[in-house]
Amino acid sequence: MDFLKIAVDLIIGFTALFIMTKILGKTQITQITTFDFISALVLGELVGNTIYDNETGLTEILFAVTIWGLLIYLLEIVTQKFNRLRGPLEGSPTIIIHEGKIIREQLKKSKLDMNQLQHLVRSKGVFSLREVEFAILETDGTISVLKKSTYENPKKKDLMVNQEKVYLPITFISDGNVIKDNLLEAGFNETWLTERLKEKNILHTKDVLYAEWLEGDGLHVQSL
């Protein structure tokens, strides 16, 4: 078997799938429905065939990936424009706990048993079903949980505590590499960063494993 051909096929197949993912959007990665799972298997099989099947060439694999990608893209357009088709094609969320009561019929339809339900609920930080007021099984297989008011954590507005503005932490250094775009976006430069590191007795950015900036808290640094 020609190893150069395998390498070329892999690179082209990887590039084609990468471009396809970019075109189809992030939801294909973060919200894997049954159809998306099948699509991933088919695309993987298409690329695999071109590596191990001598009768399948690059032209065929690129054609197959393109057609399959177009079908997925058309499906996305259809489900966006026609609300009635979203349920049959993408599935719909299922309420499996309603007002604290487990809906056994919905569990059976969703092919869930009690152990699986408890596992899903625990993944949301809820260790007792008695705490759950509503639980919804999403189309990607995850679960959304709304606790009973008795078990909800008090919020700042409930305690009459002053609410502060929330800021998103920004990574400046990762594995010794300065993320210049983040640094500039935050209004700083490498000279400023170097000075802050010197204050922490760190002379080189390559000696930093991780550094992040949080408005109000300043610079957090962890060295190698």
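Residues numbered from 1 in each chain as written. Predicted model: local features only at pLDDT ≥ 70, side-chain atom pairs only at ≥ 80, totals over all residues. Heavy atoms only, no water.

J.: Can you break down the confidence of the model for the protein residue by residue, with the values?
T.: Do not read the fine detail of predicted coordinates wherever pLDDT is low. Scored by pLDDT, the protein has a mean of 78; 70% of the residues are at 70 or more. Model confidence for the protein, summarised as mean pLDDT per element, is weakest for helix H2 (residues 27–30) at 45 and strongest for helix H9 (residues 190–199) at 93. pLDDT under 50 marks residues 26–31. Its contacts with residues more than four places away, or in other chains, come to eight contacts. (pLDDT = per-residue confidence, 0-100. Helix = DSSP H or I, 4+ residues; strand = E, 2+ residues; numbered from the N terminus. Contact = heavy atoms within 4.5 Å.)

J.: Help me get a handle on the sheet that holds strand E7 (residues 208–214), residues and values and all.
T.: Spatially, the four strands line up as an open sheet ordered E6-E5-E7-E8, and their pairing is antiparallel. On the outer flanks of this sheet lie strand E6 (177–178) and strand E8 (218–223), each paired with one strand and no other. Bridge count for strand E5 (residues 170–174) against E6 is two bridges, and the pairing is antiparallel. Across the sheet, the residue bridging to Ile-173 is Val-178, located in E6. (Pairing = 2+ DSSP bridges.)

J.: Give a detailed account of the sheet that holds strand E1 (residues 94–98), specifying residues and quantitative values.
T.: The four strands lie next to each other as E2-E1-E3-E4, forming an open sheet whose pairing is antiparallel. Sheet topology places strand E2 (101–102) and strand E4 (143–147) at the edges, where each strand pairs with a single neighbour. In this sheet, E4 lies alongside strand E3 (residues 132–137) in antiparallel orientation, the contact comprising five bridges. Its bridge partner lying in E4, Ile-136 is registered against Ser-144. This element, helix H7 (residues 114–122), spans E1, E2, E3 and E4 of the sheet and lies at about 70° to E4. (Axes fitted to C-alpha atoms, helices over the stretch in contact; angles between N-to-C directions.)

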